[in-house]
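Single-letter residue listing:
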Amino acid sequence: MAAPPPSAHSSAQPGAPARDYGRLIRWIDYRLPFVASLEHHVIDYPTPVNLNYWWNFGSLAGITLVIMIVTGIVLAMHYTPESSLAFDSVERIMRDVNYGWLIRYIHMNGGSMFFLIVYIHLFRGLYYGSYKYPRELLWILGVVILLLMIATAFMGYVLPWGQMSYWAATVITNLFSAIPIFGQDIVTLLWGGFTVGNPTLNRFFSLHYLLPFVIVAVVGLHLLALHQHGSNNPLGIDKRGPQDTIPFHPYYTIKDMFGLCVFLLAFAILVFYLPNMLSSADNYIPANPMVTPNHIVPEWYLLPYYAILRSITFDFLGIPSKLLGVVLSMGSIMLLFLVPWLDTSPVRSARFRPIWRWFAMLLPFDLIALGYVGSQPPAGFVVTLGQIATAYYYIHFLILLPLIGKLETPRPLPISIGAAVLAERR
Amino acid sequence: MTDLAQSPGDSEHGGGTRRDFLLLSAGALGAVGAAAAIWPFVDSLNPARDTLALSTTEVDLAPVQVGQRLTIAWRGKPVFIDHRPPEEIKAAQDVDVSTLRDPQKDSDRVKKPEWLVVVGVCTHLGCIPLGNKPGDDRGPYQGWFCPCHGSVYDTSARIRQGPAPLNLAVPPYEFTSDTAIKIG
Amino acid sequence: MPRATLLALAAALVLGFAGIARAQEEAPSPPRQQWSFNGVFGTYDRAALQRGFQVYKEVCASCHPVKHLYFRDLSEIGYSEDEVKGIAAQVQVTDGPNDGGEMFQRPGRPADPIPGPFPNDQASRAANNGALPPDLSLITKARDGGADYVYAILNGFKDAPTGFKVLDGMYYNEYFTGHQIKMPPPLSPDQVKYADGTPTSVPQMAHDVVTFLSWAAEPTLEERHRIGFKVILFLIVATGVFYAAKRKIWSRVH
C-alpha cells in the first residue's frame, strides 16, 4: 500500500498508525486518522517523567465536565423552565423520577467539584509558571474556560427557582446597572422584563444548555495548544530529549485513573452523605419576589468575587463605589489574562524562586479569606478584612509579580529533567 | 482504558503475571463501575413514579346501563366500555373466526360477555374510532367505525373492513366486584 | 508532602466556610438532637413516621399544606396499599371540570397529592391574619439547622423574659429569629392519641412530627445511604487496586 502523504500539520500529526490494528482500522484511518491521532496524542505522547499529582487536575476537570453534561442533559429531560413550574419540576425529579435524586445531587455537587478542581488546576499553573512562554495562549484559553464556567454556573443556579436562585439573579444582573448611561437598559434587556421573571428564567435555561458545549470547544483548543509544546513540569525546565519523557500511556493513564478514583471517593461522600452541605437552605424555599432572604449568598466558588465587589464601600476619583466594585470584581478575573506578561522572572517554577514561592503559597489563603468575607454579612471587622484581602490580591499580581521576578535571584536550575530525576533516586 | 494490553513491556512474561492480574482486576473494576454508573441514567428515562401511579384506573360500572357505552381515560388513552345488549353479544359470538383478519373468538376477548373493554385507539394509525357516543356512526357491524381511513370494527371490536391490521386491543383488567373493574 | 497537606487544609477551610455561609442569627443555635436518620447508617423509624403523620394530619394540616406529598407516598412509611386507599378516601379532593364545566369534589385516591387546607395563598393569609403558614414538604431542608431547628421551634414556646415586649398577634419563641413568631404554640400535652400507646408529651409529638417532616423533605434518604455505602466501598477497593497498578507500572521508571 502506498505510504500516505506527509501531513502538513505543524504539530507533526503522524500519517498512519504505528501499530497494526487490522484492515478495517487501516481503511478508516487512511480516510480519517482517528487511531493515528489517538496514538500520537494519548498513547505515545511524550510527557515529562517528573509530573507530580498536581498534574492530575486537568484530566479530572475534563471528566467532571463530561459528568456535568451527561447529568445536565438527563435533568433537562424532566425539568420545566417556567417560573410557576420550575421548582415543582425539580421536586418531581427528586421524588418521582427513577434515580432523579441521584442525578440531581451529582449535578449540584459536581458543579462545586468542577470549580474546586479548576481552582487547584489554576493554582498549579500559577505556582509552576505553566503560563509562561510558550504557553501563554494555553493559559488564556484556560481563563476563558473559567469565565464560561462562571457564567454557566450562575445561570444554572437560577434554574431551580428557589429564593436564592431568584435573589442571586436579581443582585448579579442589577450589577450591570452600574455601567454609565446604558446600564439600566442593559439590565432590562437581560431580564426581558422589569424584574427577574419568567423571560429571564427561560433564556437562562437556553444559555445554560448551550454554554457547556462552548466550553467543550474551548477545552479542545486548550488541549490543542497544550500539545503544541507538551506539558510543563514541576522543575519548569524544557524537555531536552527522550530521557526526559515517558509515553503518556500507560504511565499517566493509570496515574490519572488512580487520581479519578480518589476524586470519585471524595465526590461520593459528598453526593451520598452530605448532598446539601455546600448549598443554601434558602433555595429549598420557592422564589418569592416580595421577600428578600436575610443573607443573599452566592455559591462558595463565587464568594471571593462577591467579597471584592462588596469591599469597595467608597467612591474614588469620581467613580461611584458600585461601579468600582463591579470593575474590581470582574477585574480580578480579567487580571489573570495578563499574568504571562506581568511575570518578569526568567524562571518558571516557584521551586527555584526562593522569595516568590512564599507569595505564591500565600495567594490561596488570601482567596480563602476573601471567600470567608463573602460568606458573612458585610459589617465591622469583616469589611476591613475584605478590603485588605482585595488590596493584597491586586498588589500580588500588579506589583509583587513583576517586581519580585526582577529582584530575586533564582536558584540554579538542574541541567535536565532526566538528570534531576536520576539525582533524586540516589 | 481497556487498552492496557498494549503497554510496552507487555512482551516480558516473566514477573508479569502479578502485574497482569493487577491490571486485569483494575480493568474489571473499571468496567463494572462504569456499567453500574450508567444504569441510573438509563432508568431515569423509564416512567417515573407519578406516571406509574396513574397506570391503573378503577371504573365503577354500576351507572352504565345495558346498551350504554362509556369512554374513560387510562394511561392517557381512551378506553371503550360497552355494556352489551344480548343482540350485540350474539352477533359477536356467531362470527366464523376463520374469516377474520385478526382471528379471535369473542369469548377470548371478554371476561363477562355483557362487558366489552377495549382500548379506543385504531390499530391502523391511531385515530379514535367513532361509536362510543350516542348518535355516532357505528359502521355496518354496529360496532365502531374509524373516520380517518374507514376501518370498521364489529361488536367485539374486531377489525372487519378497512386498513387496520388488528382488533382493538384489550387492556389488562379484572373485576374487583360485580360492578367495578380495575384496568392496568 | 507538607505542601499537599497545606492545600488539603485550604480546601477543607473553603468547603467548611460554605457550610457556615449563613451568618449568626439573633436567636441561639438549636440544640442537637438524636435522630434515627442521622449518621451513615441512618434510617427512618417507621413507627415514629406514622405517629408523626398522625400529628401532622390532626394538628398541623389545619394551616400547613404539604403539596409535594402524594397519598401513594404513604406506602413508604409502613401503610399497606389498602390503608393508603382508606386514608386518601377520607379526604375530599377537587377535580374537574366535569362535562358541565364545573369543578367538583370527590374522595381522594392514592395518585392524588395530599390537599392543603386552603385553595391558594390568598385564602391562607385571609384565614391567618395576613400570615402565610409555609408549606411543610421541605421545611427541614429549607431552614438552617434542619430537623434540630424545627424541633427547637416546636418546643421553644415559652413566656417572654421580663422587659421583652411581644407584639400583638405574635408569640415568644426561644429559637425563632427575633424571638417573635406568628404561629401560636401548636402542640399541647395529650393533644393527640397515639394508636400504639406512646405517651403524647409535647417533646414526643414534636420528635415524631419532625421525623415525619424530615422524611417528607427527603424520602429517598435510606436508598441514598444504602447505595452510597456500596459505592464508597467499591471505590475504596478500586482506589487500592488502581494505586497498586500505578505503582507496578511506574516501577519500570523509578
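Residues numbered from 1 in each chain as written. Chains lettered and ligands numbered in written order. Predicted model: local features only at pLDDT ≥ 70, side-chain atom pairs only at ≥ 80, totals over all residues.

1. Looking at the overall build of chain A
The secondary structure content of chain A amounts to 15 helices and 2 strands. At 24 Å, chain A has a C-alpha radius of gyration in line with the 22 Å of a compact globule built from 426 residues. Across its three principal axes, chain A shows a C-alpha extent of roughly 70 × 60 × 45 Å. (Helix = DSSP H or I, 4+ residues; strand = E, 2+ residues; numbered from the N terminus. Rg over C-alpha atoms; globule rule 2.2 N^0.38 Å.)

2. Let's talk about the domain arrangement of chain A
Residue and element names in this part refer to chain A. Assigned domains of chain A: these are domain 1 (20-287) and domain 2 (297-419). Of note, the centres of domain 1 and domain 2, computed from C-alpha atoms alone, are 23 Å apart. If you look at the interface, domain 1 gives 37 residues, while domain 2 gives 28 residues. Of all the elements in the fold, those that place two or more residues in the side of domain 1 that touches domain 2 are helix H5 (100-128) and helix H6 (136-158). Per element, the largest residue contribution to the side of domain 1 that touches domain 2 is 9 residues, and it comes from H6. (Domains from an automatic or database assignment. Contact = placed C-beta atoms within 7 Å.)

3. With respect to the sheet that holds strand S3 (residues 77-83) of chain B
Residue and element names in this part refer to chain B. Judged by pairing direction, the sheet is antiparallel, and its 3 strands sit side by side in the order S2-S3-S4 without closing on themselves. Each edge of the open sheet carries a strand with a single partner, namely strand S2 (69-74) and strand S4 (115-119). The sheet shows a mean angle of 20 degrees between the axes of neighbouring strands, direction not considered. The pairing of S3 with S4 spans 5 bridges and is antiparallel. If you follow Val79 over to S4, its bridge partner there is Val119. (Pairing = 2+ DSSP bridges. Axes fitted to C-alpha atoms, helices over the stretch in contact; angles between N-to-C directions.)

4. Remarks on the nonpolar core
Ranked by size, the top nonpolar core spans 105 residues in total, and within it Phe114(A), Ile117(A), Cys261(A) and Phe242(C) carry the most contacts. No other element matches the 16 residues that H5(A) contributes to this core. Not counting the four nearest positions on each side in its chain, Ile117(A) is found in contact with Phe57(A), Leu60(A), Ala61(A) and Thr64(A). One finds Tyr56(C), Phe71(C), Tyr151(C) and Tyr175(C) within the second-largest nonpolar core, a separate group that totals 44 residues. (Core = buried A, V, L, I, M, F, W, Y, C linked by C-beta atoms within 7 Å. Buried ≥ 20, exposed ≤ 12 C-beta atoms within 10 Å, placed from the backbone.)

5. A word on the packing of H5(A) against H6(A)
Residues and elements named next belong to chain A. At their nearest, the axes of H5 and H6 sit 11 Å apart, and the two run at 160 degrees to each other. The pairing of H5 with H6 is recorded here as roughly antiparallel in orientation. For the crossing formed where H5 meets H6, the hand is left-handed. Taken together, the residues of H6 that come into contact with H5 (itself represented by Gly111, Phe114, Phe115, Val118 and Gly125) are Trp139, Gly142, Leu146, Met149, Ala153 and Gly156. Per-class residue counts for the contact of H5 with H6 are 7 nonpolar, 4 polar and no charged. (Parallel < 35°, antiparallel > 145°, perpendicular 65-115°, else oblique. Left-handed = near helix turned anticlockwise from the far one by under 90°. Nonpolar A, V, L, I, M, F, W, Y, C, P; charged D, E, K, R; others polar.)

6. Section: the interface of chain B and chain C
Taken residue by residue, the interface counts 10 residues in chain B and 12 residues in chain C. In terms of residue count, the dominant contributor to the side of chain B that touches chain C is helix H1 (residues 16-43) of chain B (7 residues).

7. Some details on the interface of chain C and chain A
Contacts between chain C and chain A engage 39 residues on the former and 38 residues on the latter. Within the residue set of the side of chain C that touches chain A, elements represented by two or more residues are helix H1 (2-19) and helix H7 (221-250) of chain C. By residue number, the principal contributor to the side of chain C that touches chain A is H7(C), which donates 16 residues. Considered class by class, the residues forming the side of chain C that touches chain A number 27 nonpolar, 6 polar and 6 charged.

8. Let's talk about the sheet that holds strand S9 (residues 180-183) of chain B
Residue and element names in this part refer to chain B. Spatial strand order, S1-S9-S8: 3 strands in an open sheet with antiparallel pairing. Because the sheet does not close on itself, it has two edges, and the strands there are strand S1 (57-60) and strand S8 (173-177). Ignoring which end each strand starts from, the neighbouring axes of this sheet average 25 degrees apart. Judged from the 4 bridges that link them, S8 and S9 form a sheet pairing that is antiparallel. If you follow Ser177 over to S9, its bridge partner there is Ala180.

9. Quick word on the confidence of the model for chain B
Residue and element names in this part refer to chain B. Across chain B, pLDDT averages 88, with 90% of residues at or above 70. Low pLDDT, under 50, characterises residues 1-14; the predicted model gives this stretch 10 contacts beyond four residues in sequence or across chains. Across the predicted assembly, pTM comes out at 0.89 and ipTM at 0.90. (pLDDT = per-residue confidence, 0-100.)

10. So, helix H13 (residues 356-375) of chain A
With 20 residues, H13(A) extends 29 Å from end C-alpha to end C-alpha; this agrees with the ideal 28 Å at 1.5 Å per step. For H13(A), the full list of buried residues reads Trp356(A), Ala360(A), Pro364(A), Leu367(A), Ile368(A), Ala369(A), Leu370(A), Gly371(A), Tyr372(A), Val373(A), Gly374(A) and Ser375(A). (Expected span 1.5 Å × (residues − 1).)

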